[in-house]
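Architecture and fold: a report
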Number of protein chains: 2
Amino acid sequence: MHYADGKRTPCEDVFPQQMASCSDLNTTAFIRRVILAEKPDLIVFTGDNIFGFDATDAASSMDAAFAPAVSANIPWAAVLGNHDQESTLSREGVMKHIVSMKNTLSQLNPPEARVIDGFGNYNLEVHGVEGSRLANKSVLNLYFLDSGDYSTVPSIPGYGWIKPSQQLWFERTSSKLQRAYVNKPEPQKGPAPGLTYFHIPLPEFASFDSSNFTGVKQEGISSASVNSGFFTTMVAAGDVKAVFTGHDHLNDFCGELTGIHLCYAGGFGYHAYGKAGWSRRARMVVASLEKTEKGSWETVKSIKTWKRLDDEHLTAIDGQVLWSKSSGSKHKLN
Amino acid sequence: MHYADGKRTPCEDVFPQQMASCSDLNTTAFIRRVILAEKPDLIVFTGDNIFGFDATDAASSMDAAFAPAVSANIPWAAVLGNHDQESTLSREGVMKHIVSMKNTLSQLNPPEARVIDGFGNYNLEVHGVEGSRLANKSVLNLYFLDSGDYSTVPSIPGYGWIKPSQQLWFERTSSKLQRAYVNKPEPQKGPAPGLTYFHIPLPEFASFDSSNFTGVKQEGISSASVNSGFFTTMVAAGDVKAVFTGHDHLNDFCGELTGIHLCYAGGFGYHAYGKAGWSRRARMVVASLEKTEKGSWETVKSIKTWKRLDDEHLTAIDGQVLWSKSSGSKHKLN
């Protein structure tokens, strides 16, 4: 969102004639419109929620940025980007403020990991339908990680990365969830699909060209300058079907590599670099449940995604299937 | 070493006229010669110590393979390769046998890491000279890791890799050692140099060509097919100056990347693929201590390496400086 001080904060990269009336409030209006159109069950904010350098007060800026989710009474989750700590609060302070807000499911860090790098590493379980036999089982797992801000290692320039402590926490959490899924009661053929959210794209996002992704790539992949292995860790874990990152405003593609879709959210905020005439956008993700012939809800059948553009009609584009029970096995046969 | 059953086990890739008299005993003879010539303070075996498929009994094979170090009363350390478990013992069994042997400093796994992947992850501290002010301080740190054998992840082909649990152990161990080095008593300007030993080269070994390494590259880099981030973890830790791996018998180079030398040991064993006419070889590493004007021994001043060829004169080749106190700071200025 790159939110700063609301009405006083100008837009970037819109047409000259739009500048006078354009501010952070356009970002707010866009969220509101998407919420009305999609009625989401969960909103995930993938970092750079505020643009710290221009936010006079980090807490007020966050309150304003997340207000549409809060006031719509929709559960929401956020991770940190590289700009969130540039105002009056540290990264820890920002994350602490976020977890104190209304309707959020965000967490500061996993209670069981004694020491972990970063702030805002946590996971959420999406259980089966209430009243169904899977009500106590997580049928969809969401992982949230702090991909850091900037390297603090002199010999490594550029952005931060996901550290071994975080990867170990992810690995163990995924493993624990997979065991629970295949064990009694209601043992399932595992694993349940997982989705991972963080801010800075992985080096592996650079593996694609337009022949093998959906969406556009209009700028370089601003990953860390080193590979810290999280893609390998996710592939090895075996349950993650898609990764969603922010960071690069002009890239909005999804490409599949070794069974995992690597997806950009797409540039959303108006006080953020973008491209005049290329609409701000937001990514939707829908997990659909299987239904038995008798009408009872089961496990996740498919995960689809598309984007909504901030144009007159909130045009939906680039619909694609990220995972389905059948495609999962198809991939193994290849 | 690729040791199997001793005299009964034929050599590979030697000239036809050598075949009749060539066996594992040539590997043994080569170690003995190197020991006599160099009188090392420590011998490190970088995996594929035995070639399991051809070893009738893993324990006997290891006893014979390590015998020259044992009988010379020289401390030695070993890590596992991808072939060590292919005989009558599992990887755990092989490592347990190794740690039970005489004169070894090998360890099964760090006692403080409750759960860690692999077997043979440990570190050794090399303290300052006995009687000197640094006698209780580790002035050189050696890290040993199990780089696995083969991927067990269906979608990832090829060799194993160093996992998050091992990287976190390394990171914490390095950090602890660095704190101890700069703290009282005898606080040093840290960190003490570190050297890392494991079997399978990292993907980053493929970063070089003949213009920027010393030695030869006569085959591809048989790293894992994925990057698990251990190079990044080592650079971030900041103390490791060189990495030594085995695995590729026909590569014997050292190349520097981001302040870390990535070095092959060079093919050593005779029951292992090689190249007739291209001598089997062993890498030497010497850490030299600084001496004050008053004659007392201080911290490590430089780390050098060269290789010895198994020819008539045990020819020493490819001498190079891996690190020196001054070059460490030079690197930062570049």
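This is a predicted model, so every value here is computed, not measured. (Residues numbered from 1 in each chain as written. Chains lettered and ligands numbered in written order. Predicted model: local features only at pLDDT ≥ 70, side-chain atom pairs only at ≥ 80, totals over all residues. Heavy atoms only, no water.)

**Remarks on the UniProt feature "domain: Calcineurin-like phosphoesterase" (unreviewed entry) in chain A**
Basically, it comes down to this: UniProt positions are given in the numbering used here, feature names are shortened, and annotations may be inferred rather than shown by experiment. Each helix is a run of DSSP H or I of at least 4 residues and each strand a run of E of at least 2, with the numbering of both proceeding from the N terminus.
Mapped onto the present numbering, the UniProt feature "domain: Calcineurin-like phosphoesterase" (unreviewed entry) falls at residues 29–249 of chain A. In residues 29–249 of chain A, the share of helix is 27% and the share of strand is 14%. The end C-alpha atoms are 19 Å apart.

**Let's talk about the sheet that holds strand β10 (residues 281–291) of chain A**
As a general point, the strands of a sheet are linked pairwise by backbone hydrogen bonds and lie either parallel or antiparallel. All names here are of chain A. Condition: When DSSP finds at least two bridges between two strands, those strands are taken to pair. Whenever a helix is involved, its axis is fitted only over the stretch in contact; in every case the axis is a line through C-alpha atoms, and angles between N-to-C directions fall within 0 to 180 degrees. Any pair of residues with heavy atoms lying within 4.5 Å of one another is described as a contacting pair.
What the three strands build is an open sheet, ordered β10-β11-β12; its pairing is antiparallel. Where the open sheet ends on each side, the last strands, each with one partner, are β10 and β12 (316–324). On average, each strand axis in the sheet is tilted by 20° relative to the strand beside it, whichever way the strands run. Pairing of strand β11 (residues 297–309) with β12, which is carried by six bridges, proceeds in the antiparallel orientation. Within β12, the residue paired with S302 across the bridge is S324. Sheet strands in contact with helix α2 (residues 24–38) are β10 and β11, and its direction is about 140° off that of β11.

**Thoughts on helix α3 (residues 58–71) of chain B**
All names here are of chain B. This is how it is decided: Here the expected length of a helix is defined as 1.5 Å per residue gap, with one fewer gap than residues. Two axes are fitted around each residue, one to the seven residues ending there and one to the seven starting there, and the angle between them is reported as the bend at that residue.
Over its 14 residues, α3 runs 19 Å from end to end, which matches the ideal 20 Å to within 8%, given 1.5 Å per residue. The axis of α3 is deflected most strongly, by about 45°, at A65, and proline P68 appears within four residues downstream. Looking at the buried positions of α3, the neighbouring elements they touch are α2 (24–38), β1 (43–45), β2 (76–78) and α4 (91–100). Just downstream of α3 lies N73, where phi reads positive at about 60°.

**Re the environment of T196(A)**
Residues and elements named next belong to chain A. Within the secondary structure layout, T196 lies in strand β5 (residues 194–197). Separated by 103 residues in sequence, T196 and T299 place their C-alpha atoms 19 Å apart. Every residue in contact with T196, bar those within four places of it in the chain, is listed here: Y143, L145, F230, M234, V240, A242, V243 and F244.

**Here's the deal with the pairing of strand β9 (residues 260–264) of chain A**
Residues and elements named next belong to chain A. Here is the rule we go by: Accessible area is worked out with a 1.4 Å probe on protein chains only. A residue is then buried under 20% of its type maximum, exposed over 50%, and partly exposed in between.
Counting buried positions along β9 gives five out of five residues, so the element sits mostly inside the fold. Relative to β9, strand β8 (residues 254–257) is paired through four bridges, and the arrangement is antiparallel. Its bridge partner lying in β9, E256 is registered against H261. In sequence, β8 turns back onto β9 through a hairpin of two residues, with T258 there showing a positive phi of about 50°.

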